Amino acid sequence: MAQISPKLLIPESFQVSRDDITGQLGLIWELIKTPLIVPLLQLGVYICLAMSLMLFMERVYMGIVIILVKLFWKKPEKRYNFELIQDDVELGSSNFPVVLIQIPMFNEKEVYKISIGAACGLSWPSDRLVIQVLDDSTDHAIKLMVEQECQRWASKGINITYQIRENRTGYKAGALKEGLKRSYVKHCEYVAIFDADFRPEPDFLRRSIPFLVNNPDIALVQARWRFVNADECLLTRMQEMSLDYHFTVEQEVGSATHAFFGFNGTAGIWRIAAINEAGGWKDRTTVEDMDLAVRASLRGWKFVYLGDLQVKSELPSTFKAFRFQQHRWSCGPANLFRKMVWEIIQNKKVKFWKKVYVIYSFFFVRKIIAHMVTFCFYCVVLPLTILIPEVWVPIWGAVYIPSVITILNSVGTPRSIHLLFYWILFENVMSLHRTKATFIGLLEAGRANEWVVTEKLGDAVKKAADAAKNKNNAKAPRKLKFKFTDRLNTLELGFAAFLFLCGCYDFVHGKNNYFVYLFLQTITFFITGIGYVGTII
């Protein structure tokens, strides 16, 4: 049988020198680009534009409503029955309801004194206040320090209890659930929850409890967070800009229109009866606070957000801690959406428009679309269209709509308006991790239930800086040694390389000057990739 020439098995256009690998790859690319790559990428552009429009309309809607709320809506004190609880000489403290304060902790060495001291300093009758420190610490030395702090306050006549568990089953949700089972809690009507770095003002209960006392249909009163370390570094300033929009717009609008918003897990007061009716704390996701809020809302309970009632707290100032926090905050809601969407649809106790708000606005757009469109469009699809100029991207989708969305997002923190451009670049970097976490939550993949407690530094950084500046010290403080490789983030470095190549190509062959954005975004990815973000510990 005659030997068949290999040239007969491939088209003549591929019959090039065996050494010309680049030429062969180029021919293959030209063969599949027009019928396959271009249509797929154009489809990706259309999907991203659709998501951008959804996010745009959501932001415009929220902007219009918040303006109406500020101009025409009555304040919560006028919308609901509100009357301060007065001290009565004859009745004593009996007209004050019994309130439980829960402070969940896990190896909170730097901040445990702050939260315990703030809780013990609340201006509420001591015989009507029960403080419960729920310590899941694994460090024996820290457990001992927390217990001694509780004993110190107990010796001053404060009703404070130090509570530990044998294991961390359910993490924070498990600790809160276990705390409510204690016999001394049965006579408590309300429970206020504060994370270990939160420090409420003395009048916190007097300004919030009346909403629950005088309105039996209200289950939750949520206060606003105020950040004590917002000016510590650029990372904390970026976080402040993102969170201020959440508090200034999202929660305000949800409270004013549908009396629903997601519980933030801390700085809030619950009616214990509402917690029990909703099924109690559950640990099926890493957002046990949001889970409880949705379940309580589906049973007809209302929530009130008090933007004027502010509680001081701490932002994570290390990039590692911030990444873990964002994974939990992005993965948890997506996973909860997967678990509860059908339950919300079938619910018959709430109005149709409230269900639409919860499913579409609260979950789908804010918790899923917002992350995906930022990463997919500006970090993947748009750079690829530079390499494939046959794909069309309208200027309104690439520039105008994102600009409006960004401006609307910045209204919460006007003092940081000069950082707006860098905030955009940094949010694009973080959208990489948020999108990854969102898919993990939706698919309930391996890290769906990963819980890493956000590291708090308290005054540790300030004390270290003061010690370094103290000229009276005979010996300068020894610097901690660390490996440079421990700070490397390969995922960010990989995208930095990809965007840099796209930017170079656009600089040489492009017509839209996208390379300006791409090079700036490359620098941001590279800086985060080598770990030079936030406080270096």
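Here the structure is a predicted model, which means the values were calculated and not measured.

Caption draft 1: Structural context of a nonpolar patch on the surface. Residues Y46, L53, M57, Y360, W392, I395, W396, V399 and Y400 make up a contiguous nonpolar surface patch of about 910 Å² in total accessible area. Those elements that provide at least two residues to the nonpolar patch are α1 (21-71) and α12 (395-409). Within the secondary structure, W392 sits in the loop between α11 (352-387) and α12.

Caption draft 2: Molecular detail of the nonpolar core. Within the largest apolar cluster, 130 residues are counted, with the highest numbers of intra-cluster contacts made by I101, I116, L205, W270 and F303. No other element matches the 18 residues that α11 contributes to this core. Two domains each provide a minimum of three residues to this core, namely domain 1 (37-80 + 318-469 + 485-536) and domain 2 (81-317). Beyond its immediate sequence surroundings of up to four residues, I101 is in contact with A119, L122, L129, V130, I131, Q132, A192, F194 and L205. Counting residues in each nonpolar core, the second largest holds 12 residues, with L235, M238, L419 and F426 among its members.

Caption draft 3: Representation of the domain arrangement of the protein chain within the structure. Its domain assignment divides the protein chain into domain 1 (37-80 + 318-469 + 485-536) and domain 2 (81-317). Between the C-alpha centres of domain 1 and domain 2 there is a distance of 28 Å. Facing 68 residues of domain 1, the contacting portion of domain 2 comprises 65 residues. Together domain 1 and domain 2 conceal approximately 5800 Å² of surface at their shared face, both sides included; 65% is due to carbon and sulfur atoms. Three residues, Y80, W451 and K456, lead the burial of domain 1 against domain 2; their summed loss comes to 15% of the area buried on that side. There are 3 salt bridges connecting domain 1 and domain 2. Two residues, E240 and R415, come together in a salt bridge whose shortest N-O distance is 2.9 Å. In this structure, the connection of domain 1 to domain 2 is made through 11 residue pairs in polar contact (both at pLDDT 80 or more).

Caption draft 4: How the structure looks around the side chain of D244. Its place among the elements puts D244 in helix α7 (residues 234-257). Residue D244 is classed as buried on the basis of its relative accessible area of 2%. Once residues lying within four places of it in the same chain are set aside, the contact partners of D244 are R224, R226, F227, V249, G412 and T413.

Caption draft 5: Looking closely at the environment of M238. Tracing the backbone shows M238 in helix α7. If sequence neighbours within four positions are ignored, M238 has contacts with L419, Y422, W423 and F426.

Caption draft 6: A look at the confidence of the model for the protein chain. Averaged over every residue, the pLDDT of the protein chain is 88; the share at 70 or more is 91%. Confidence, expressed as mean pLDDT per element, reaches its minimum in the protein chain at helix α14 (residues 460-469) with 53 and its maximum at strand β6 (residues 268-271) with 98. This stretch, residues 1-10, has a pLDDT under 50; its non-local contacts, to residues over four places away or in other chains, come to 2 contacts. Contacts from residues 474-481, a stretch scored under 50 in pLDDT, to residues over four places away or in other chains number 2 contacts.

Caption draft 7: Spatial organisation of the UniProt feature "transmembrane region" (unreviewed entry) in the protein chain. Under the feature "transmembrane region" (unreviewed entry), the UniProt entry names residues 43-69, 357-388, 400-426, 488-508 and 514-534. Here residues 357-388 is 97% helix and 0% strand, with 39 Å between the C-alpha atoms at its ends. Annotation note: span residues 400-426, helix share 63%, strand share 0%, distance between end C-alpha atoms 19 Å.

Caption draft 8: Summary view of unusual backbone geometry. We note that A267 has phi near 60 degrees; this positive angle belongs to a residue other than glycine. Take A267: it is sitting in the loop between α7 and β6.

Caption draft 9: Quick peek at the packing of aromatic side chains. On inspection of all chains with the given rule, the structure shows 24 aromatic pairs. Between F198 and W225, the aromatic rings sit 5.2 Å apart at their centres with planes inclined by 75 degrees, giving edge-to-face as the arrangement. Taken together, the residues F198 in the loop between β4 (190-193) and α6 (204-214) and W225 in strand β5 (residues 218-227) connect sequence positions 27 residues apart. Looking at W225, the relative accessible area reads 9%, which means it is buried. The interplanar angle of 85 degrees and the centroid separation of 5.0 Å between the aromatic rings of F362 and F363 together place this pair among those described as edge-to-face. With respect to burial, F362 and F363 carry one shared label: buried. An aromatic cluster is built from F260, F261, F263, W270, F303, Y305, F337, F362 and F363, whose rings are joined through pairwise contacts. Seen from the ring of F106, R168 lies directly overhead, with NZ or CZ sitting 3.8 Å from the centre. Across the ring face of F362, the terminal group of K367 is positioned such that the distance to the ring centre comes to 5.2 Å.

Rules behind the numbers
Residues numbered from 1 in each chain as written. Predicted model: local features only at pLDDT ≥ 70, side-chain atom pairs only at ≥ 80, totals over all residues. Heavy atoms only, no water. Patch = residues over 30% accessible without salt bridge, like charges linked within 9 Å, V, L, I, M, F, W, Y side chains within 5 Å. Areas by Shrake-Rupley, 256 points an atom, 1.4 Å probe, with all protein chains shown as cover. Salt bridge = Lys/Arg side-chain N within 4 Å of Asp/Glu carboxyl O. Helix = DSSP H or I, 4+ residues; strand = E, 2+ residues; numbered from the N terminus. Core = buried A, V, L, I, M, F, W, Y, C linked by side-chain atoms within 4.5 Å. Buried < 20%, exposed > 50% of the residue type's maximum accessible area, 1.4 Å probe, protein only. Domains from an automatic or database assignment. Contact = heavy atoms within 4.5 Å. Buried area = accessible area lost by both parts, 1.4 Å probe. Polar contact = N/O pair within 3.5 Å; in protein donor to acceptor, adjacent residues only side chain to side chain. pLDDT = per-residue confidence, 0-100. UniProt positions renumbered as here; feature names shortened; annotations may be inferred. Phe/Tyr/Trp six-rings, centres within 6.5 Å; stacked < 30°, edge-to-face > 60°. Lys NZ or Arg CZ within 6 Å of the ring centre and 35° of its normal.

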